[in-house]
Amino acid sequence: QLRRQARERREYLQRRAREQQQQRQRERRESLRRALDENRLLPTELRREALALQKELEFDFEAPGETGDSQDDEYRWAGLEPPKVMVTTSRDPSARLRLFAKELCLLLPGARRMNRGRAELGALVGACRAAGVTDLLVLHETRGRPDGLTVSHLPHGPTAHFTLSGAVLRQEVGGLRGAPLAAPHLLLLRLDSTLGKRVGTILKHLFPVPRPDSRRVVTFANEDDVILVRNHVYRRRGRTVELEEVGPRFQLRPYLIRLGTLEQGDTADVEWRWHPYTATAPKRRLLSAT
């Protein structure tokens, strides 16, 4: 099994390196095309290979259904089978964190909660891989207040780290009628930048494909780079629709995306990192295009 995992990891890295090389070549061809169309001087770094790139432009076209930049192929077959999500916590969780982990399992259809105990991250991820788990979620806290969420996609990544704030439990929201267990429809609002689409892909594949008649909606709404997570059910009353929030409710803010899995830690490549102390940080909008 260890040899098979090493071989799959090696093949995954080779595919990713090939995709990155093809993406850089596409970017050079696109830069040359813009310069020719606008009748500008060629960029300095393209002048040596301009003739070869111009020949490639004659045969440059996108096949139907091809996205051009898949980043990695971890989510290429997502949706064919329901995801298997495992939720756990940091060590010695408080009662509130255990309750929030339980309600997070109610938010994610089919998710299962596992007691952390004294398990190391390596053993935890290995057990999840052996069980066919597709995503491992780890909740963190500070002084009994949930303040962090890590989403690690298995078997090869990526791993996204979020700051979690404003956690409100179901009984505090008022949703005490019973948790809806149907797969929800998803609303991804204002996650239209490159980073926003990447974060949206990581979050939406935690949910199975819903039935058309599902009466449940989970919303991920971006406001100033903070993702508001809301869980609602709706009912039709004649020509009107009644919306009821059933909880839980919380906010997420991404600050790190790594290309490996959780147990690799700092050895995994960083795909994106939040830099709050740059001069332009207050002016930027990272998750939305505008």
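Model, not experiment: these values are computed from the prediction.

Undergrad: Go over the overall build of the protein chain with me, naming the residues and quoting the values.
TA: Regarding its fold elements, the protein chain presents 6 helices and 11 strands. Once the C-alpha set of the protein chain is aligned to its principal axes, its extents read approximately 70 × 55 × 40 Å. When the 290 residues of the protein chain are sorted by exposure, 42% land in the buried category. Here the analysis covers contacts within the protein chain between residues at least 6 apart in sequence; of these, 65% occur between residues at least 24 apart. For the protein chain, the exposed surface amounts to about 17300 Å²; the carbon and sulfur share of it is 50%. In the protein chain, 52 side chains carry a positive charge and 38 a negative one; their mean positions are 5 Å apart.

Undergrad: An account of the pattern of salt bridges is needed here, citing residue identities and associated values.
TA: As enumerated under the stated definition, the model contains 10 salt bridges in all. For Arg-237, the salt bridge is made with Glu-242, and the minimal N-O distance between the two is 3.5 Å. When its relative accessible area of 49% is taken as the criterion, Arg-237 is described as partly exposed. Arg-258 is paired through a salt bridge with Asp-266; the nearest N and O atoms lie 3.2 Å apart. The class of Arg-258 is buried, set by a relative accessible area of 10%.

Undergrad: Any details on the side chain of Ser-90? Residues and values, ideally.
TA: Relative to the helices and strands, Ser-90 is located in the loop between β1 (85-89) and α3 (95-107). Contact partners of Ser-90, with chain neighbours within four places excluded, come to Leu-97, Arg-116, Val-138, Leu-139, His-140 and Glu-141.

Undergrad: Outline the state of the cysteines, listing residues and values.
TA: Evaluated as defined, the whole model comprises 0 disulfides. In this model Cys-105 remains outside any disulfide bridge; the closest cysteine sulfur is found in Cys-128, 12 Å from its own. Judged by relative accessible area, which is 13%, Cys-105 ranks as buried.

Undergrad: An account of the domain arrangement of the protein chain is requested, with residue identities and associated values reported.
TA: Domain parsing of the protein chain yields domain 1 (1-66) and domain 2 (83-273). Here the C-alpha centre of domain 2 lies 34 Å away from the C-alpha centre of domain 1. Summing both sides of the interface, domain 1 and domain 2 together bury roughly 560 Å²; the carbon and sulfur share of this comes to 46%. The three residues of domain 1 that bury the most area against domain 2 are Arg-9, Tyr-12 and Arg-16, which together make up 63% of that side's buried surface. One can count 0 salt bridges joining domain 1 with domain 2. The interface formed by domain 1 and domain 2 contains 0 residue pairs in polar contact (both at pLDDT 80 or more).

Rules used throughout
Residues numbered from 1 in each chain as written. Predicted model: local features only at pLDDT ≥ 70, side-chain atom pairs only at ≥ 80, totals over all residues. Heavy atoms only, no water. Helix = DSSP H or I, 4+ residues; strand = E, 2+ residues; numbered from the N terminus. Buried < 20%, exposed > 50% of the residue type's maximum accessible area, 1.4 Å probe, protein only. Contact = heavy atoms within 4.5 Å. Areas by Shrake-Rupley, 256 points an atom, 1.4 Å probe, with all protein chains shown as cover. Lys, Arg positive; Asp, Glu negative; His and termini not counted. Charge placed at Lys NZ, Arg CZ, Asp CG, Glu CD. Salt bridge = Lys/Arg side-chain N within 4 Å of Asp/Glu carboxyl O. Disulfide = S-S within 2.5 Å. Domains from an automatic or database assignment. Buried area = accessible area lost by both parts, 1.4 Å probe. Polar contact = N/O pair within 3.5 Å; in protein donor to acceptor, adjacent residues only side chain to side chain.

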